[in-house]
Amino acid sequence: MDSTLFLNPADFELPHDYDENAEANLIEIPADFGLSHDDDDDDETDDEEEDDDDDEDEEYVPAGAPPRVSHDAPRVSTSNSEVVTLIESQNKRRRTEGGEASCSFANGSLSQENEWASPDVDGLLCPICMDAWTNNGEHHICCLPCGHIYGMSCIKKWLQHRRNSNKCPQCKVKCSLKDVRKLYASQVVAVEEENQKRIRSLEAKCAALESKVSNWHKKETGWQKREAALSFQVQKLTEGSDRHKKEAGWQKKEAALNLQVQKLTERNTYLEMLLDMQSRQLMFNFELQKTFDLDGARVFDMDISNQILLIAQKRKAIGGMHLLTKMSLMSPFEMQDILLPSGTNGVKDLHISASHSSSSLALFSSLGKKLSVLSLDSGNLVVNYDLQVPAWSCSWDLNNSHYIYAGLQNGSVLVFDMRQTAGPMKSLVGLTSNPVHTVHALAQTSSLSSGVKTILSASAVGLCQWNIDSEERPLMVPETDNQGVCISLAYCPSSDDIVASYRPKYDMSMDLRHSQPSPTPPSTQHGVQGTHVLFNRMGSHHFQKVGSSYASVSKFLLPKCVIMDIEDQSRLFASLNEDTRDLVLHALPSFRVLQQLKMQAQGRDLRYSPSHGILGCLSENTLQLFSKRSW
């Protein structure tokens, strides 16, 4: 496409104060611009030579006729006078609207209506010769400082032959031959302002349409890609459908094999469980070693290191007198009766201290409002405290052998220092007035500062933790007050495991969770359906419930239970079954039954010696000692 240079003649108009002689208004023409001119001294010579050449090439043109248009050689074919006459005629035509000119060729084949003010004439023809200018040669397109455009040969002749004027043929602005500037373009068209606005508007619309078309092309490309992707997916699904049909048979076979493997795995697991149970039963299998006949036994304790048993009895043979019986575990099993002071009445709790190396001491509490310390070596009372109310339980401090504790019938706890015989050091008020039937001194933990004494008590409402050095009331252990009536408490100092036994309240329904729940709770004949709940102490004031199990417990008595710490960090829980009258050994924390030991009568108290692995069970008329079977 030919490039077109759009020029506005108004852009070339000179200011009113333009001075053609001023050096500031002169424009330097580069050497390669293409416009050449001679020095002033040679102007006349050149003009004369050009005149001679023009005279030789002139041909006659009738007056008033338009100049001949020659496309082969863009030359000016009119004389100087004719040029002036032609320009004046054209100016007159410009001023007169509707003026017409006809251009006739010799053969009469072309007739063109030509108007001087037409944009086609102003844009394509030289206004002097009415011949088309060119972008090279003698008739090269050029312009004056005022902006009017002419052919180079025409304006050159105009300025050379009209020296006295030196003005633009159209606007009469002064100029000289030096002011002529060649223009380099294939076609020059002068465009009106309205046309320019229309062109810009059309260009903007074209750009908007092109943008929309581009967007539609992009969308179409995206749709094509999606269509191709969907077609590919359809092809894959079609191919996969056949493959899935073939694989369906293999999947059924694989499912059948997996089912067989699952059954074998379950069977293997069951067999492993049975083997583990049998191995545990063999490992923790206890057998009866010795049985002692008694009369009216209540509670007892063992000192296996010194081969001593201490039993609290109420013998019917001597009128129902309360006494303590010291028994040797060495043959011939000698017995020594220790008479208690009058008013001692029934002994409720009894513990032998193994921390006194010089002599063995026994601590017991009685319903006769007494808390006493007995020397097993001499059989005499070392300390005897008078209490305001009966004491139902007692305990040695595990960290300090001088401190002892007593749980009273009114729900309070007393703290004693055996070095002070006048009375208790502290009297701690409980949360309720229910008797404290069990009290245990807790082992020292890393979360407690050195010397802090903490005890755990049990009453019908649940378990409480006491801080001896604090004036605050005891803390009820969470989840121990909503299980029923608490009738027993067992504590293992080495593992901080706690098992509390409950029987139901008369006005409550048992809603319990168990480690190994049964489809239906076990039926009871002699006892009631109760529970054993396992807790673990997780710090100074935190207890976590670990597991629980159904149990048949006594309706009225407060039976004892014990946690047995076995080697290899295994623990057993021993309790009395009220229906079968058996001593039952459970594995912790699952409460799975490992062994049932036959009792001759209903059990009252249980004790275990971890250093020697001896388990003792006391009934009213017998004491049975069990030990681990050796293989």
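Residues numbered from 1 in each chain as written. Predicted model: local features only at pLDDT ≥ 70, side-chain atom pairs only at ≥ 80, totals over all residues. Heavy atoms only, no water.

A. Here's a closer look at unusual backbone geometry. In this model, Ser331 is joined to Pro332 through a cis peptide bond whose omega is 15°. Considering the arrangement of structural elements, one finds Pro332 in the loop between strand 11 (321–328) and strand 12 (335–339). The omega angle of the peptide bond from Leu588 to Pro589 is 10°, so this bond is cis rather than trans. Assignment of secondary structure puts Pro589 in the loop between strand 31 (582–587) and strand 32 (592–598). Although it is not a glycine, Gln307 sits at a positive phi angle of roughly 55°. On the secondary structure map, Gln307 appears in the loop between strand 9 (297–303) and strand 10 (308–315). In this structure, Asp496 is a non-glycine residue whose phi angle is positive, near 60°. Taking relative accessible area as the criterion, Asp496 reaches 13% and is therefore assigned buried. (Helix = DSSP H or I, 4+ residues; strand = E, 2+ residues; numbered from the N terminus. Buried < 20%, exposed > 50% of the residue type's maximum accessible area, 1.4 Å probe, protein only.)

B. Quick look at a nonpolar patch on the surface. A contiguous nonpolar patch, built from Tyr270, Leu271 and Met273 and spanning about 300 Å² of accessible area, is present on the exposed surface. One can find Met273 in helix 5 (residues 193–283). Residue class for Met273 comes out partly exposed when judged on its relative accessible area of 43%. (Patch = residues over 30% accessible without salt bridge, like charges linked within 9 Å, V, L, I, M, F, W, Y side chains within 5 Å. Areas by Shrake-Rupley, 256 points an atom, 1.4 Å probe, with all protein chains shown as cover. Salt bridge = Lys/Arg side-chain N within 4 Å of Asp/Glu carboxyl O.)

C. Examining the pattern of salt bridges more closely. Applying the stated criterion across every chain, the model contains nine salt bridges. Ionic pairing is found between Asp417 and Arg419, a salt bridge with its closest N-O pair at 3.0 Å. Overall, Arg419 belongs to the exposed group, its relative accessible area being 54%. Across the pair Arg537 and Asp496 runs a salt bridge whose closest N-O atoms are separated by 3.2 Å. Note that Arg537 is positioned in strand 27 (residues 528–537) and Asp496 in the loop between strand 25 (485–492) and strand 26 (497–503), a separation of 41 residues in sequence. You can call Arg537 buried: its relative accessible area is 5%. One connected set of salt bridges, linked through shared partners, spans Asp349, Asp605 and Arg607.

D. Layout of the nonpolar core. Formed by 20 residues in total, the largest nonpolar core has its most connected members in Cys126, Leu144, Tyr150, Ile155 and Val180. Only strand 4 (141–143), strand 5 (149–151) and helix 4 (152–161) provide two or more residues apiece to this core. At five residues, the largest contribution of residues to this core is made by helix 4. Not counting chain neighbours up to four residues away, the residues in contact with Tyr150 comprise Cys126, Pro127, Ile128, Trp133, His140, Ile141, Cys142, Leu144, Ile155, Cys168, Pro169 and Gln170. Counting residues in each nonpolar core, the second largest holds 18 residues, with Ala587, Leu594, Met599 and Tyr608 among its members. (Core = buried A, V, L, I, M, F, W, Y, C linked by side-chain atoms within 4.5 Å. Contact = heavy atoms within 4.5 Å.)

E. Structural view of empty space enclosed by the protein. Evaluation of the coordinates by the stated rule reveals four cavities of 30 Å³ or more. Taken as a whole, the largest cavity encloses approximately 90 Å³ of empty space. Lining the largest cavity we find Ser552, Val553, Ser554, Leu557, Pro559, Leu576, Asn577, Glu578, Arg581, Gln602 and Gly603. (1 Å grid on protein atoms, 1.4 Å probe; cavity = no way out; pocket = protein on both sides within 12 Å on 5 of 7 lines; lining within 4 Å. Points joined across faces, edges and corners; volume = space filled by probe spheres on them.)

F. The sheet that holds strand 16 (residues 381–386), seen in detail. If you walk across this open sheet you meet the four strands as 13-14-15-16, and the pairing is antiparallel. Each having just a single partner strand, strand 13 (347–353) and strand 16 make up the two edges of the open sheet. Direction aside, the axes of adjacent strands within the sheet are offset by 15° on average. Two elements, strand 15 (residues 370–375) and strand 16, share five bridges in a ladder whose sense is antiparallel. (Pairing = 2+ DSSP bridges. Axes fitted to C-alpha atoms, helices over the stretch in contact; angles between N-to-C directions.)

In short, the description is geometric, and any link to function would need to be established separately.
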